[in-house]
Amino acid sequence: MQINIGIVGIGNIGSSVINTLERNKLRYKKLYDLEIKILGISGKNKKKKRAFNKANYIWYDNPIDMTTDHKIDLIVELVGGSSGLALD
């Protein structure tokens, strides 16, 4: 089974989530027969250096656009707060 995800909020926590998913790809496949594929990412600053290679993913300037991408099954929102972008 494959699940395609988008990640909104790629600060410390979002970057850690991406690194953890990438580092454990084979483990998830072996234990759960699950392939997790990150299709898109979004953050405040596209030019900011991250703890992962941004070029490996599709960048969304507007994270709300992820909701219309029919290839993405799940959006992980790591922006924080209960208003603004997190609420949208």
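In case you missed it, the structure is sitting above this.
Residues numbered from 1 in each chain as written. Predicted model: local features only at pLDDT ≥ 70, side-chain atom pairs only at ≥ 80, totals over all residues. Heavy atoms only, no water.

Trainee: Help me understand the overall build of the protein, please; the structure alone is not making it clear to me.
Mentor: Scanning the protein from terminus to terminus reveals two helices and four strands. For the protein, the N- to C-terminal ordering of α and β elements is β-α-α-β-β-β. Relative to the compact-globule value of 12 Å for 88 residues, the protein shows a C-alpha radius of gyration of 13 Å, a close match. Dimensions along the principal axes, computed over C-alpha positions, put the protein at roughly 40 × 30 × 25 Å. Here the protein holds 88 residues, and 31% of them are scored as buried. By element, 53% of the accessible surface of the protein is carried by carbon and sulfur atoms, the whole surface being about 6100 Å². Looking at the protein, you have 14 positive and 9 negative side-chain charges, and the mean spots of the two groups are 11 Å apart. (Helix = DSSP H or I, 4+ residues; strand = E, 2+ residues; numbered from the N terminus. Rg over C-alpha atoms; globule rule 2.2 N^0.38 Å. Buried < 20%, exposed > 50% of the residue type's maximum accessible area, 1.4 Å probe, protein only. Areas by Shrake-Rupley, 256 points an atom, 1.4 Å probe, with all protein chains shown as cover. Lys, Arg positive; Asp, Glu negative; His and termini not counted. Charge placed at Lys NZ, Arg CZ, Asp CG, Glu CD.)

Trainee: Even after reading the chapter, I still don't get the layout of surface pockets, so can you show me in this structure?
Mentor: By rolling a water-sized probe across the atoms, one finds the places where empty space is left. Within this model, the largest pocket holds a volume of roughly 300 Å³. Lining the largest pocket are 16 residues, and of these Gly9, Ile10, Gly11, Gly43 and Lys44 lie nearest its centre. Take the lining of the largest pocket: its biggest share by element is three residues, from helix H1 (residues 12-23). The residue inventory of the lining of the largest pocket, partitioned by class, reads seven nonpolar, six polar and three charged. (1 Å grid on protein atoms, 1.4 Å probe; cavity = no way out; pocket = protein on both sides within 12 Å on 5 of 7 lines; lining within 4 Å. Points joined across faces, edges and corners; volume = space filled by probe spheres on them. Nonpolar A, V, L, I, M, F, W, Y, C, P; charged D, E, K, R; others polar.)

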